[in-house]
Amino acid sequence: MDAFARSSASEILAGRSPRAVEIRGWVARKHVIGGLAFVQVRDGTGYVQVSARKGSSDAAYDAAKRATKESAVVVRGEVRDDRRAPGGKEVSAAEFAVLATADSWPITRTAAKSASFLFDKRHLSIRGPKAIATMRIRAEVIGAAFDYFRENGFQLISAPSFVQAAVEGGATLFSVDYFGKKASLSQSAQFYEEAALPALQKVWIFQPAFRAEKSKTAKHLTEFWMIEAEQAFAEQSDNMKVQEGLLSKMVERVLANRQTDLKTLGRVLRQPEVPFPRLSYDEARSIAESKGFGFEWGDDLPTEAEKAVSLTQESPFFITDYPLSARSFYHMTYPDRPKVTKSADLIAPEGVGELATGGQRIHDYHELMERISSQDLPTESFSWYLELRKFGMPPHSGFGIGVERTTRWIAGLKHIRSASLFPRTLTRISP
Ligand code: 4AD
Ligand code: MG
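None of these values were measured; they are calculated from a predicted model.

A few words on the environment of Gly-34. Tracing the chain through its elements places Gly-34 in the loop between β2 (20-33) and β3 (36-42). Sequence separation between Gly-34 and Lys-54 is 20 residues; the distance between their C-alpha atoms is 8.7 Å.

If you want it as structure tokens, here you go:
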């Protein structure tokens, strides 16, 4: 026989491997009937069925028969077409080596019914097919962002996570002791992006954000990854186009490259049409009211109201023109409507809700100064942010979109924590 060529499960199933292969992976499933052992080997690219036959290679058969679930194995053998095997190919083992034997797998069928047990054992449960499919989709979503921004002339930057100023208000800040001084973990890199505009004109960023959110919902994490973009000489309408383009690209790439994973998750995803529908805050509020989820003008959409409005739409859409009272201090208002901001949330349909928040920023020094004092904010914390307005700050706008929320919607997940490998929530900081 030829030398065994190291091949992946996906290459083998796609018919892109030689006949004699070596696979390195983990025992996902196994059953033994008569003198035949069938082992599903998972190798990070997919699953491939291995068979070991007594009488053909006794050593391989004995090793396969003894191999426990989740043991790490190296198999050498020959690829054969077999209609009965998942994917239509099977590797008949000539050699079967167990490199690391696994203890009895704790995630039994019964145990797997408890979501909290699965998350307690997340370091192990991430090997499950749905978690794997989700992580692949998440990576595709992130990869699409890298491509989208490169193609559209946005420069990638980085910013610190230790900060002093609250971008999104003090209520959700995590404080840390910074050599005896009070510091916080960054809620958003927006201010650093704004600072980078006169240097780079169009920037984007991809990094963790922290929120001491006391909300125990299907859409809140305390640590999550945010993609943010900011451009100079850009109105809010330009900003919304970037968000549409980005989300469309993410969906397009997942549809093009992650069909198997969508199927594993039972997700039917459709390419949204551009432009996305736009509802004003007032329209959204009437819809919510008509569904029995009324709220005061000026409040942010309560989760239930947002969900009710989201359920009325077929594709992602924007809710525009939020009241200033529901927005952070830096938002620009309309000249003729001082209580209404040039801002929007990008909302996913199907009851999922907010994916992104964006808006146009105040670029005038005096206007921002006035806003900061009228809201009784500590001017000192915002001194450098204010100073930017003294040195050529043009009209500019930007947004932030949550990676886990977006993955949750695209992958059709019930809860945001499934979109994170090791989620951090109100009640979870381990594993
Ligand atoms: O809506 P947010 O708070 O907006 C900002 O932080 C702006 N400064 C962004 C900007 O304009 N550059 O957060 C942006 C997005 C939300 O729409 C949501 O997708 C996500 O970040 N997000 C969260 N995701 C998970 N858990 C949380 N607790 C989140 N809080 C916000
Ligand atoms: Mg928001």
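Moving on, there is more to tell.
We now examine the nonpolar core. Soluble globular proteins tend to bury their nonpolar side chains together. Counting residues in each nonpolar core, the largest one holds 65 residues, and the members touching the most others are Met-250, Leu-346 and Ile-410. Discounting residues that sit within four places of it in the chain, Ile-410 has contacts with Ile-137, Val-141, Met-250, Val-251, Val-254 and Leu-269. Counting 24 residues, the second largest nonpolar core, distinct from the first, contains Ala-63, Ala-64, Val-75 and Val-79.

A few words on the site of ligand 1. Around ligand 1 sit 24 residues in total, of which Ser-188, Gln-190, Thr-357, Gly-400 and Gly-402 are the nearest. Only β12 (223-232), β18 (353-360), β19 (396-402) and α13 (403-411) provide two or more residues apiece to the shell around ligand 1. In terms of residue class, the shell around ligand 1 is built from eight nonpolar, nine polar and seven charged.

Spatial ordering of the open sheet is given by β8-β10-β9, a layout of three strands whose pairing is antiparallel. Single-partner strands in this sheet number two, and they are β8 (162-163) and β9 (175-178).

Note: β9 against strand β10 (residues 181-185), four bridges, orientation antiparallel. By the bridge assignment for β10, Asp-177 is matched with Lys-182.

For the rest of this paragraph, the subject is helix α9 (residues 281-290). Residues three or four positions apart in an α-helix share a direction because the helix packs 3.6 residues into each turn. For α9, the complete set of buried residues consists of Tyr-281, Ala-284, Arg-285 and Ala-288. Axial view of α9: buried residues confined to an arc of 100 degrees, hence all on one face. Where α9 is buried, its residues touch β13 (278-280), α10 (303-311) and β14 (317-320). Looking one or two residues beyond α9, the residue adopting positive phi is Gly-292, at roughly 90 degrees.

Turning to the domain arrangement of the chain, a few remarks are in order. Domain boundaries assigned for the chain yield domain 1 (5-100) and domain 2 (122-419). Inter-centroid distance (C-alpha atoms) of domain 1 to domain 2 is 45 Å.

With that settled, the discussion passes to unusual backbone geometry. Of note, the amide linkage connecting Val-274 to Pro-275 takes the cis form, showing an omega dihedral of 0 degrees. Relative to the helices and strands, Pro-275 is located in the loop between α8 (259-264) and β13. Going from Ser-430 to Pro-431, the amide bond is cis rather than trans, its omega being -5 degrees. Secondary-structure assignment places Pro-431 in the segment after α13. Here the phi dihedral of Phe-179 falls at roughly 50 degrees; this positive angle occurs in a residue that is not glycine. The topology assignment puts Phe-179 in the loop between β9 and β10. Given 5 C-beta atoms within 10 Å, Phe-179 falls into the exposed group.

Rules and cut-offs
Residues numbered from 1 in each chain as written. Chains lettered and ligands numbered in written order. Predicted model: local features only at pLDDT ≥ 70, side-chain atom pairs only at ≥ 80, totals over all residues. Helix = DSSP H or I, 4+ residues; strand = E, 2+ residues; numbered from the N terminus. Core = buried A, V, L, I, M, F, W, Y, C linked by C-beta atoms within 7 Å. Buried ≥ 20, exposed ≤ 12 C-beta atoms within 10 Å, placed from the backbone. Contact = placed C-beta atoms within 7 Å. Near = placed C-beta within 6 Å. Nonpolar A, V, L, I, M, F, W, Y, C, P; charged D, E, K, R; others polar. Pairing = 2+ DSSP bridges. Arc of directions from axis to C-beta. Domains from an automatic or database assignment.

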